[in-house]
Amino acid sequence: MKTYPRVTLWGFVFLLFSGTGIAGEVSDFLNKANVKTYDCPDDSFVPQLENLLSSKQITPLELINLNVYKSHWLICVGKNAQAKSILDRILEQDKIDKKSRSYASLLYQLGFIYDVNDDPKRCDYYRQSEKRAKDKFNDIHLSSQLGLITVCDQDKQSLGVKLGRLFALVKMYTAKKDIESLAHIHNNIGLLYSSIGQNALAAEQYEKSYRLGLTVYEEKNQLAPLISVITAYSGSGDYENAMLMIEELGRGNIKVNTPLTNSWYHYALSRHFYRTDNYEALRNSLAKWKIFLAQISNQQMKKLHEWYSAALCLHDQDKACVEAFMLAQQDIATALPTRLSKHIHYIAFLVKAHLFLGDIDAAQQSFTRYSTSMFEKAKEQQKSARVLGVANLHNEILALEESLADAKANQLQGILLIVLIILLLAGFVYFTIGRNYLKTLGTDKLTGLQNEQSVLSLIKRVKPPLNGKVNALALFDVNNFTEVNSQFGYMTGEDLLKSVANCLKKVTRDKDIVGRIGTDQFIVCLKNIDEKTANELFERILDALTHVAFDYGSGESVNARSSMSVYSSQNDFSDLDDVLIEIRNVMRKSLVRQIC
């Protein structure tokens, strides 16, 4: 874990106001143990903290400062209720110095706790903490700003303004080379994207936050963004990448192994298994998750566990269990929070549950809710797509960031208006004309596969493999294409290529990248796969190609003769052009040897 010098204004405040207590020891402890709002206190400091809190020599001010530090730690380990109880007691005493860092931190922590519970009170606390921290406590001020931008003033600031403010912060903290703050900001950009249903973009920002945080954050705080990455990938339907991130969370959790991080891990597994209808795996993950949930105080996770457990009961046809859950939803004290109860997957569950229980009217009402929610979601998706841009979103956002960072305050609204008009026009053109045209540009007209430019571009963007796996590609050459062309004519040659392409479509998987490159060559790329499995798949494809044959009209059949060259790498394919030159040279030499 990275450490930082902790002799700050906070330490000076402790020395100034600590009276006759154990000022030096408390001050030294807080200077040594203190972390920024977006990191977590080291668990190893907790015994010393408890020892200081139990001291009879401690002054009221020292007690407040130490308790604010303790509440920060409690939030980090998932004990929000205990943290709030401490903070509320401090506010009731009204003995805290309202100019101190402790008071600004207390306000922010309360805002964060209310934020986790989706309580509107969060915005009031964020505003107060931002005001108290301005020009004094930069980390609290930034955290408060981000809370306000992301979840507050939804009716006062447009999405464009919010994104502009966030990307202006990115530029500012990039210039400062403040990695901790940048990780925090990217996480909030991800939150904003998630709020408008742009889950793929959110996943990218969350993963960026996670990668940055690996270099600067306390280990257990490194894992928090992974939950957001997983949720965003899952929300976009990319279950393959979601599972890869869950596996990474599991490896990180082996090192940290706290009740909170274990709860995160089993929550992520349970959510994934529920979404992918893997109920036996869900049964196992729910049982383990329940053990760790009992050790933390997170009402939202508890409610999610109840929902997924009810879904398992529905799968098991356990009527009593489903009835008990549905009855609990009628009581505000035991029902899911409003935000969760509006989730389309939850409403879909209600439809199935009501049907299972034989309540047709309630099922119809839930279905109407589901249809309305889906319609509203589609409208919001369209609206956000128009605002964000469609064809080249990130280039537009980065351009917006540059404009905003350099503009004067009174030019902001004008710049945003112009950008939004351009994006609206671009979105209209894209949705009416561009989408089909762009798809056509990337397709080989003869075979229907990706064309050379498109398929090579996709392969170059493949990420490096994980856990000792490889990225593998194979080049397939139709050796008798020229011979068929000469003997039977070009139309028969084209039919041969179409047959080979159809064969490749059938024997490859949806996640594989397949395309035509050159006149008589095809390429297949397998991502993040065991090398032995890759070789077996390629051999299976080659074997299928050897059986490609078709009747060319005179009662005689034409067979495809194909050769294959395989290349695997433990890196990405950014050097794909060089790799293809090397493969083609090998294939050419092999063909020459066969002719000779």
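See the structure above.
Thresholds applied
Residues numbered from 1 in each chain as written. Predicted model: local features only at pLDDT ≥ 70, side-chain atom pairs only at ≥ 80, totals over all residues. Heavy atoms only, no water. Disulfide = S-S within 2.5 Å. Helix = DSSP H or I, 4+ residues; strand = E, 2+ residues; numbered from the N terminus. Buried < 20%, exposed > 50% of the residue type's maximum accessible area, 1.4 Å probe, protein only. Patch = residues over 30% accessible without salt bridge, like charges linked within 9 Å, V, L, I, M, F, W, Y side chains within 5 Å. Areas by Shrake-Rupley, 256 points an atom, 1.4 Å probe, with all protein chains shown as cover. Salt bridge = Lys/Arg side-chain N within 4 Å of Asp/Glu carboxyl O. Lys, Arg positive; Asp, Glu negative; His and termini not counted. Charge placed at Lys NZ, Arg CZ, Asp CG, Glu CD. Expected span 1.5 Å × (residues − 1). Arc of directions from axis to C-beta. Contact = heavy atoms within 4.5 Å.

Asker: Would you explain the state of the cysteines in this entry?
Answerer: In a disulfide, the sulfur atoms of two cysteines are held together by a covalent bond. Counting across every chain of the model gives three disulfides. Each sulfur in the disulfide pair Cys40 and Cys76 lies 2.1 Å from the other. Looking along the S-S bond of the Cys40-Cys76 disulfide, the torsion reads about -90°, which is the left-handed sense. Here Cys76 lies in helix H4 (residues 60-76) and Cys40 lies in the loop between helix H2 (23-33) and helix H3 (46-53), a separation of 36 residues in the sequence. Taking the relative accessible area as the measure of exposure, Cys76 reaches 12% and is therefore buried.

Asker: What am I meant to see in a positive patch on the surface here?
Answerer: Where like charges cluster on the molecular surface, the positive patch consists of Lys99, Lys131, Arg132 and Lys136. For Arg132, the location among the structural elements is in helix H7 (residues 121-133). For Arg132, a relative accessible area of 32% gives the class partly exposed.

Asker: Explanation requested: unusual backbone geometry in the structure shown.
Answerer: As a rule of thumb, non-glycine residues mostly have phi less than zero, and peptide bonds are mostly trans rather than cis. Positive phi, normally seen in glycine, also occurs at Asp118, with a value near 60°. Along the chain, the position of Asp118 falls in the loop between helix H6 (101-116) and H7. The exposure class of Asp118 is partly exposed, given its relative accessible area of 31%. A positive phi angle, close to 60°, is found at Gln317, a residue other than glycine. Along the chain, Gln317 turns up in the loop between helix H17 (299-315) and helix H18 (319-328).

Asker: For this particular structure, what's the right way to read helix H16 (residues 279-293)?
Answerer: One turn of the α-helix equals 3.6 residues, which is why residues spaced by three or four share an orientation. Spanning 15 residues, H16 covers 20 Å between terminal C-alpha atoms, matching the ideal 21 Å at 1.5 Å per step. Every buried residue of H16 is listed here: Tyr279, Ala281, Leu282, Ser285, Leu286, Trp289, Phe292 and Leu293. In an axial view of H16, the angular spread of the buried residues amounts to 130°, which keeps them on one side of the axis. Exposed and facing more than 90 degrees away from the buried side of H16 are Glu280, Lys290 and Ile291. Along its buried surface, H16 packs onto helix H15 (259-275) and H17.

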